[in-house]
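An overview of the molecular structure
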Amino acid sequence: MKAADIRATFLKFFESKGHAVVASSPVVPGDDPTLLFTNAGMNQFKDVFLGFDKRPYQRATTSQKCIRAGGKHNDLDNVGYTARHHTFFEMLGNFSFGDYFKKDAIAFAWELLTVHFKLPADKLWATVYAEDDEAYDIWLKDIGLPAERIVRIGDNKGGRYQSDNFWMMGDTGPCGPCSEIFYDHGPDVAGGPPGSAEQDGDRYIEIWNNVFMQFNRTEDGVMHKLPKPSVDTGMGLERLAAVLQHVHSNYEIDLFVALLAAAKKAVDEAGAGDCDKDSPSLKVIADHIRACSFTICDGVIPGNAGRGYVLRRIARRAIRHGYKLGARAPFFHKLVAALVEQMGEAYPELRAAEKRVTEVLLQEETGFFRTIANGMEILEAALAGGQGVDGDTAFKLHDTYGFPVDLTGDVCRERGVAVDEARFNELLEEQKTRARQAGKFKMAQGLSYEGVATAFHGYEHLVCETSRITALYVD
Ligand code: ATP
Ligand code: MG
Ligand code: MG
Ligand code: MG
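The structure displayed is predicted, hence computed values, not measured ones. (Residues numbered from 1 in each chain as written. Chains lettered and ligands numbered in written order. Predicted model: local features only at pLDDT ≥ 70, side-chain atom pairs only at ≥ 80, totals over all residues. Heavy atoms only, no water.)

1. Considering the layout of surface pockets
Estimates place the volume of the largest pocket at around 1,200 Å³. Within the residue set of the lining of the largest pocket, elements represented by two or more residues are strand E3 (88-96), strand E6 (166-168), strand E7 (173-184), strand E8 (204-217), strand E9 (223-236) and helix H5 (237-244). Element by element, the count of residues in the lining of the largest pocket is highest for E8, at six residues. When the residues that make up the lining of the largest pocket are grouped by side-chain class, the tally is 14 nonpolar, 15 polar and 12 charged. (1 Å grid on protein atoms, 1.4 Å probe; cavity = no way out; pocket = protein on both sides within 12 Å on 5 of 7 lines; lining within 4 Å. Points joined across faces, edges and corners; volume = space filled by probe spheres on them. Helix = DSSP H or I, 4+ residues; strand = E, 2+ residues; numbered from the N terminus. Nonpolar A, V, L, I, M, F, W, Y, C, P; charged D, E, K, R; others polar.)

2. Some words on the pairing of E8
Of all 14 residues that make up E8, 12 are buried, and the element is covered over most of its length. Sheet topology places E7 next to E8; 10 bridges connect them, and they run antiparallel. Bridge pairing in E8 places Ser179 opposite Asn210. Where E8 folds back onto E9 in an antiparallel hairpin, the turn is made up of five residues, including Gly221, whose phi is positive at roughly 90°. (Buried < 20%, exposed > 50% of the residue type's maximum accessible area, 1.4 Å probe, protein only. Pairing = 2+ DSSP bridges.)

3. Some remarks on the environment of Leu350
Here Leu350 is to be found in helix H10 (residues 348-352). What makes Leu350 buried here is its relative accessible area of 1%. Sequence separation between Leu350 and Glu364 is 14 residues; the distance between their C-alpha atoms is 19 Å. Once residues within four sequence positions are removed from consideration, Leu350 is found in contact with Ser293, Phe294, Cys297, Leu339, Val340 and Met343. (Contact = heavy atoms within 4.5 Å.)

4. Looking at the pairing of E3
For E3, the buried fraction is high: nine of the nine residues fall into the buried class. On E3, burial covers both faces: Phe88, Glu90, Leu92, Asn94 and Ser96 on one face and Phe89, Met91, Gly93 and Phe95 on the other are all buried. Strand direction decides the pairing type here: strand E2 (residues 59-67) and E3, joined by nine bridges, are antiparallel. Paired with Cys66 across the strands is Phe89, a residue of E3. Pairing of E3 with E9 involves four bridges; the strand directions are antiparallel. From the neighbouring strand, Met91 faces E9, where its bridge partner is Gly236.

5. Quick look at the coordination of the magnesium ion (ligand 4)
Expected angles at a metal are 109.5 degrees for tetrahedral coordination by four donors and either 90 or 180 degrees for octahedral coordination by six donors. Ligation of the magnesium ion (ligand 4) by protein atoms is provided by Glu180 (OE) and Glu206 (OE), these donors lying 1.9 to 2.2 Å from the ion. The distance between the magnesium ion (ligand 4) and the magnesium ion (ligand 3) comes to 3.2 Å, with Glu206 serving as a donor to both metals. Residue Glu180 is found in strand E7, and its partner Glu206 is found in strand E8; the two are separated by 26 residues along the sequence. Judged by its relative accessible area of 8%, Glu180 falls in the buried class. According to the relative accessible area criterion, Glu206 is partly exposed, its value standing at 25%. (Donors = N, O, S within 2.8 Å, 3.2 Å for Na, K, Ca; no water.)

6. Things to note about the packing of aromatic side chains
All chains considered together, the criterion is met by 24 aromatic pairs. With a centroid separation of 6.0 Å and an interplanar angle of 55°, the aromatic rings of Phe395 and Phe424 are classed as tilted. A residue pair is termed long-range when its members are at least 10 positions apart, and Phe395 in helix H12 (residues 391-401) and Phe424 in helix H14 (residues 421-444) qualify at 29 residues. Assessed through its relative accessible area of 11%, Phe395 is described here as buried. Following the ring pairs from residue to residue traces out a cluster consisting of Phe10, Phe13, Phe14, Tyr100, Phe108 and Trp208. Between the NZ or CZ atom of Arg328 and the centre of the ring of Tyr323, over which it lies, the distance is 3.7 Å. (Phe/Tyr/Trp six-rings, centres within 6.5 Å; stacked < 30°, edge-to-face > 60°. Lys NZ or Arg CZ within 6 Å of the ring centre and 35° of its normal.)

7. Digging into the nonpolar core
By size, the foremost hydrophobic cluster in this structure holds 118 residues, and its most contacted members are Leu113, Leu119, Trp139, Ile207, Trp208, Phe331 and Phe332. When near neighbours in sequence (up to four residues on either side) are disregarded, Phe331 contacts Ala266, Val267, Ala270, Ile285, Ala318, Ile319, Gly322, Glu365 and Phe369. (Core = buried A, V, L, I, M, F, W, Y, C linked by side-chain atoms within 4.5 Å.)

8. Here we look at helix H8 (residues 306-325)
If you check H8, its first and last C-alpha atoms are 29 Å apart, about what 20 residues at 1.5 Å a residue would give, namely 28 Å. Buried residues dominate H8, accounting for 18 of its 20 residues. Downstream of H8 by one or two residues, Gly326 has phi in the positive range, about 120°. (Expected span 1.5 Å × (residues − 1).)

9. Overview of the site of ligand 1
The immediate surroundings of ligand 1 are formed by 16 residues, with Asp75, His85, Trp167, Glu206 and Asn209 found nearest. Measuring from an oxygen atom of ligand 1, one finds a side-chain N or O atom of Arg68 at 2.9 Å. Across the complex, the protein chains shield 87% of the 590 Å² of accessible surface that ligand 1 would expose by itself. Structurally, ligand 1 is housed in the largest pocket. Where the shell around ligand 1 is concerned, the elements lending two or more residues are E3, E8 and E9. Counting residues per element, the shell around ligand 1 draws most heavily on E8, at four residues. For the shell around ligand 1, the residue count by class is five nonpolar, five polar and six charged. (Near = heavy atom within 4 Å. Polar contact = N/O pair within 3.5 Å; in protein donor to acceptor, adjacent residues only side chain to side chain. Areas by Shrake-Rupley, 256 points an atom, 1.4 Å probe, with all protein chains shown as cover. Sits in = over half its atoms within 2 Å of the grid points.)

10. Brief notes about the state of the cysteines
A complete count under the given rule lists zero disulfides for this structure. Cys175 supplies the cysteine sulfur nearest to Cys178, a cysteine that is in no disulfide, at a spacing of 11 Å. (Disulfide = S-S within 2.5 Å.)

11. Notes on empty space enclosed by the protein
A complete count under the given rule lists one cavity of 30 Å³ or more for this structure. Considering only enclosed or pocket space, the largest cavity measures out at about 40 Å³ in volume. Forming the boundary of the largest cavity are Phe37, Ile67, Ala291, Cys292, Thr295, Val310, Leu311 and Ile314. Mapped by element, the contributors of at least two residues to the lining of the largest cavity are helix H7 (280-297) and H8. The class makeup of the residues in the lining of the largest cavity is seven nonpolar, one polar and no charged.

12. A word on helix H6 (residues 254-272)
Along H6, the positions that sit buried rather than exposed are Leu255, Phe256, Leu259, Leu260, Ala262, Ala263, Lys264, Ala266, Val267, Asp268 and Ala270. The elements touched by buried residues of H6 are helix H1 (3-16), H5, H7, H8 and helix H9 (335-343). Note on H6: the residue one or two positions beyond its end, Gly273, has a positive phi of about 85°.

Encoded structure:
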């Protein structure tokens, strides 16, 4: 079953159960300052859960574009290291706004997985929040899942509501205990069952989370009861596709096979010749083109703050991986066409934005390729000592060569060393203070205010010089 068919089957199933099929919201949340990027299907329904907004339906289903590269849910550092984490992914979800609750939610999930997708029941596990006897009993008695495969996961991270089975959108907002469904990829893959010390592998993969929304957490940490108990679920489309396509990694599903081939071709043509088709760097590139394209499509452009800086960090990380494989000229933008081929039908806005997305990425690449070689030389020299990268070097790389500190950290991690982020942050703060003071001084002198332009940022200038895009959203 192709990713596109899985998406359609999911939405149809919930439509047949009385759910309204609602379009994905943009990856940039419209009016939620607590959120950098959309990180779950429930985001667009936040106010409905809270009781501030009413919809003509009480049940909804979506396939939501999500980004987890910052904020509470940040998987950037997992990409390239696990078979199941992306910066951009699609979350399939069903929602009940004060309508059905645990019993129906679990029954729907089980029916869809075992009857419609025909997953073998003996490979499925469920976890519940430790104190949630109700959910435990539903799995045991209604569904008939053996007790050995129902795991209570408690308060293992300190604080009553910090456990893995208590889902929160962010530090504030709707939240509640959850029940997760895992699929066992079999003994060929490393990793232990949910709740065990060895869980963090790719054998037992969490495919679906059913959240029983019951609280609104406010800034003071207080949990207020929601007007009505509700349901919010999320299943990673790519993870389910891996299961249904009988592969053990998201990167082996149809959509990623196509993107990986396009990545290899682009990198090879940009100077690599014939790079290793199994390199983790290609996976990073294939992952990152999705996050970059969808964020640009939804109105973000690379910049030095906020969402624009997250986008820049992801793009430059991908470019550095291409450089590592041997690319010496812009290649990343070429992947947009392959992505549109794979996802343009499900997300027409991506197809419509193809030209703009390609141009924005080409511009970002052109800027970064001017400094990357010199920056890498400095970084390699620092790494030659075998002691990791000191904060002063990391700052110089950031300031003059346009290396975001997490990019430097990514290189360090490949070599098994670290970057001194504490010192880096100190230098960054000092620079900001200097820039602020310079601004004030000029104001006092009666001169025009030039703000941070008085501080030199090597790469900002490069990027500004080539900037021809003015009509887009800048944050
Ligand atoms: P994990 O523990 O594997 O990091 P999670 O518990 O953080 O997942 P949820 O917040 O419960 O994930 O999100 C719901 C579903 O979305 C997950 O069950 C999974 O299928 C999918 N998912 C979550 N994060 C990612 C990601 N970074 N890439 C791809 N799919 C993801
Ligand atoms: Mg996670
Ligand atoms: Mg989890
Ligand atoms: Mg989860």
